[in-house]
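# Inside the fold
For reference, the chains in residue letters:
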Amino acid sequence: MSHVRVGPRAVMRSVAFLAAGALALPALAGCTSEDPAGKPLAEQDVAAAARARIADGGTLRWAVDSVPETLNAFQSDADATTTTVAQAVLPSLYRTDERGRPVRNPDYLESAEVVETEPKQVVVYKLNQQAVWSDGREIGAADFAAQWRALSGKDTAYWTARNAGYDRIEKIERGANDLEVRVTFDRPYADWKSLFTPLYPKDVTGTPDAFNDGARRELEVTAGPFTVKKVDTKADEVVLTGNPRWWGEPAKLDKIVLRAVPREDRVAELVAGELDLAEIDPDTAEQVAVAAGPRDAGTGTPLMGPDGTPAAGSGGSGLPGPQGRSAAEALRSWAVANGSDEEAAEEEILAREKRRKAEAKAERRRKALSGFEVRKSLEPAYTQLALNGADGPLADERVRRAVARALDREKLAEAVLKPLGLPAEPVGSHLALSGQPVYADGSGALGDQDAKEARALLADAGWVPGGPVKKTEDGEKAAGAEKSADEKDEKDEKKSDGGDDGTYIVGEDDKATDDKNTDEKDADAADGKDGDESGDSDQETGEKHSSGKNTAQGGAPGAYAPKGTAAPAGAAAAPVAKDGKALTLSFVVPSGPGSQALRTVADRISDMLEKIGIGTEITKVPDESYFKDHVASGEYDLALYSWPASAFPATDARPIYAKPVPAADGSLNVAQNYTRVGTDQVDQLFDQAMGTLDQDKARDLLRKADSRIWAAAGSIPLYQRPQLVAARENLANAGAFGFETPVYEDMGYLKKGARGAEARPSPSK
């Protein structure tokens, strides 16, 4: 599972050159009577339980990726843990529901509505009369005004990462009483509900010094069910404790400890009993699921199948006999250990003792994990293929569209999600996910997978099969990043093992047949290959061929078919070239253990591109440098990373897809548009959507913008990210949250003897 993701609040800059043209669009899918937004593909999985079933007290030890550098969510180095802390300790006027929509949070807000639109938009917030900061002061207009001044962008002394929405406010004043806040906008703002979440006390936002430095490692004043007790950088943890001045439903837990634990270390921490909740990778999820499989209620031993072996998913060995060996093997071991050959007997006794210790260790591990379960859903984020349109071949829109038309997005989604038992549907929008109001499948603006059309687009751009290729100088590539001989050998070795990266994916045991469609098998047969052979090595001569095709008997590929015979469907096409240079794209992927899914997807994309004559050179780079040194800086042709879905796409998605503009120093300001592909039309549609208070009109404008983004082919949404969480079996209201904002005060451990769960009410609208 990949963990390479970016948040829509971060702002980075880079130098690039971009050219983009007007785009033709088909009719929107939203013209049908059926709501194109659909439903969420997966529900949240948090073991929902009513508060009456949850015991008071206890500590939740929750694995996070890092201890945050700052607790100020509006600074550029804020991260996911910053958001988690803010949600637990600060006011959120709105939270997201199960469909990713903003809903009013009654703990802070009795009502909020637009009371005037002419001559200016005016919103009146009526606050919960019990809402107070942890120092006893009422939450009021002074806090709203201080946050507006800090984030408006007018005072550059405030080191802010964004000011979207706040820059449209003209003034903030007290309403009819202390519980009313009146906000007047100088320009209409559709996403006004995105503002003041989180809301910081004026102690943090009142001055530049307090804003810049006062909330990085501590938050003395809070107003949530929890408060920040300490940020311990030595122990790599953030400790949250109950807020005694909290006026809402009291927190069930005494304490939440957010522990920074690397993904690869989490299974060991679970086994050691040091964690209660942790997002995990598929391999760890499988271990937890097996350990928590069906067991005898009385004895706790694995349930037996009909053949006397442990039942599937029971956590026991799949083989009969001691330590997973057959009865014959066990009998032979006993005979050797008790035989007349003293040397052999001693060796066997030592081997038996070694096996016994290994078995005991495995059983301890199983017992430790058996108290956990895997909770899974789809994360409110999607993985995309980014195509860098700054320069090189991908600066040509026709080449980008060809790459996109070569992709079978459904197969890519299935490769990641199907083995996990999650819905494997390709994402159809850049701006929303299935179930959100703005969602509609806009991929028709680009077109379905079609290798023939992809080749035609390449030909139109001057890239033709079999063109002359000039030999490059030593060490120079036709395109893309350099690769060492060791990397090439590694790729050849992996490909010779089955045509992929050697990754074993649960549910794909029959890779030799599952990874090839019927046409590909026919192509293999025509080449004289066995169905299980990848073709990197000649079976008769043992000679390696970079083309991956069998050239036995000294012939060239296709030499035994009549001249002019078309290649079988699905077979690799002849490389395309232009001006003596082959079309080869650099494909940068992260190398860390948590990014295996991305590398698998990259390999499959490379295979798909090979079928239209495009070569790729995959370069693995360290996770810590992947985004900063390659994606953000534009040092790539193709890359895979994720964007989160937002309840406010007009505001949050605009900097991701806005056309880069020249900066004062002559560089190009790309904001968060790391593909460097943008158009004036898309910018105008975003601006129009942001400036209308008609929700239906804003939705339609955003769907049009999404269609234009599809047509430009700068980024291709692939699949919604999986969310796998290991949780203690008796932990309720925590796990794979999906779209919904966590309700921290409802998290806790079930009372002894409590079984089943009753769903809590949905957040108030």
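Residues numbered from 1 in each chain as written. Predicted model: local features only at pLDDT ≥ 70, side-chain atom pairs only at ≥ 80, totals over all residues. Heavy atoms only, no water.

This part is about the environment of glycine 392. Relative to the helices and strands, glycine 392 is located in the loop between β12 (372-387) and α9 (397-406). The class for glycine 392 is partly exposed, based on a relative accessible area of 48%. Taking the C-alpha atoms as reference points, glycine 392 and leucine 585, 193 residues apart in sequence, are found 9.2 Å from one another. (Helix = DSSP H or I, 4+ residues; strand = E, 2+ residues; numbered from the N terminus. Buried < 20%, exposed > 50% of the residue type's maximum accessible area, 1.4 Å probe, protein only.)

Structurally, alanine 582 can be placed in strand β15 (residues 581-582). A relative accessible area of 17% means that alanine 582 is categorised as buried. Through-space distance from the C-alpha of alanine 582 to that of isoleucine 614 is 8.1 Å; in sequence the pair is 32 residues apart.

What follows is about the sheet that holds strand β13 (residues 464-465). Read across the sheet, three strands follow the order β13-β14-β15 without closing on themselves; strand pairing throughout is antiparallel. Whereas interior strands pair on both sides, the edge strands pair on one side only; in this sheet they are β13 and β15. (Pairing = 2+ DSSP bridges.)

Our focus in this paragraph is the packing of α9 against helix α11 (residues 451-460). Where α9 contacts α11, the axes come no closer than 8 Å and their chain directions differ by 165°. Here α9 lies roughly antiparallel to α11, going by the angle between them. In this structure, α9 meets α11 at a crossing whose hand is left-handed. Within the contact between the two elements, α9 uses Arg398, Val399, Arg401, Ala402, Arg405 and Ala406 and α11 uses Ala451, Glu453, Ala454, Leu457, Leu458 and Asp460. When the residues that make up the contact of α9 with α11 are grouped by side-chain class, the tally is seven nonpolar, no polar and five charged. (Axes fitted to C-alpha atoms, helices over the stretch in contact; angles between N-to-C directions. Parallel < 35°, antiparallel > 145°, perpendicular 65-115°, else oblique. Left-handed = near helix turned anticlockwise from the far one by under 90°. Contact = heavy atoms within 4.5 Å. Nonpolar A, V, L, I, M, F, W, Y, C, P; charged D, E, K, R; others polar.)

Note that side chains of opposite charge can pair when their charged atoms are close. Per the stated rule, a full pass over the model turns up 30 salt bridges. When the shortest N-O distance is used, the salt bridge between glutamate 180 and lysine 126 registers 4.0 Å. Taken together, the positions of glutamate 180 in strand β7 (residues 180-185) and lysine 126 in strand β5 (residues 122-127) put the pair 54 residues apart, joining distant regions of the chain. Of the charged contacts in the structure, one is a salt bridge between arginine 699 and aspartate 700, with a shortest N-O distance of 3.3 Å. For arginine 699, a relative accessible area of 27% gives the class partly exposed. Via salt bridges that share partners, Asp65, Arg263, Arg266 and Glu279 belong to a single interconnected network. (Salt bridge = Lys/Arg side-chain N within 4 Å of Asp/Glu carboxyl O.)

Applying the stated criterion across every chain yields a total of 20 aromatic pairs. Ring centres of tyrosine 641 and tyrosine 674 lie 6.4 Å apart, and the angle between their planes is 70°; this geometry places the pair in the edge-to-face category. On the criterion of sequence distance, the pair formed by tyrosine 641 in strand β18 (residues 638-644) and tyrosine 674 in the loop between β20 (668-669) and α19 (680-690) is long-range, its members being 33 residues apart. Assigned by exposure class, tyrosine 641 and tyrosine 674 land together as buried. (Phe/Tyr/Trp six-rings, centres within 6.5 Å; stacked < 30°, edge-to-face > 60°.)

So, on to the side chain of serine 92. Counting through the fold element by element, serine 92 comes out in the loop between α1 (80-89) and β2 (94-96). When its relative accessible area of 12% is taken as the criterion, serine 92 is described as buried.

It is worth spelling out the pairing of strand β10 (residues 255-260) at this point. Here β10 lies mainly inside the structure; five of its six residues are buried. Bridge analysis of strand β9 (residues 237-242) against β10 gives five bridges, and the strand direction is antiparallel. Following the sheet pairing, valine 239 is matched in β10 by valine 257.

Two numbers describe how helix α6 (residues 282-291) lies on helix α8 (residues 342-369): the axes approach to 8 Å, and their chain directions differ by 90°. Of the possible angle classes, the one that applies to α6 and α8 is roughly perpendicular. Each of Gln287, Val288 and Ala291 in α6 lies in contact with α8, whose residues at this interface are Arg365, Arg366 and Leu369. Residue composition of the contact of α6 with α8, by class: three nonpolar, one polar and two charged.

Now for the sheet that holds strand β4 (residues 109-116). What the four strands build is an open sheet, ordered β4-β5-β7-β6; its pairing is antiparallel. Whereas interior strands pair on both sides, the edge strands pair on one side only; in this sheet they are β4 and β6 (169-174). On average, adjacent strands in this sheet sit at an angle of 15° to one another, irrespective of strand direction. Summarising the sheet, β5 and β7 pair through five bridges and their orientation is antiparallel. Each bridged residue has a counterpart across the sheet, and for tyrosine 125 the counterpart in β7 is valine 181. Sitting on the sheet, helix α2 (residues 141-151) is in contact with β5, β6 and β7, with an inclination near 160° to β6.

The analysis is restricted to geometry; functional conclusions fall outside its scope.
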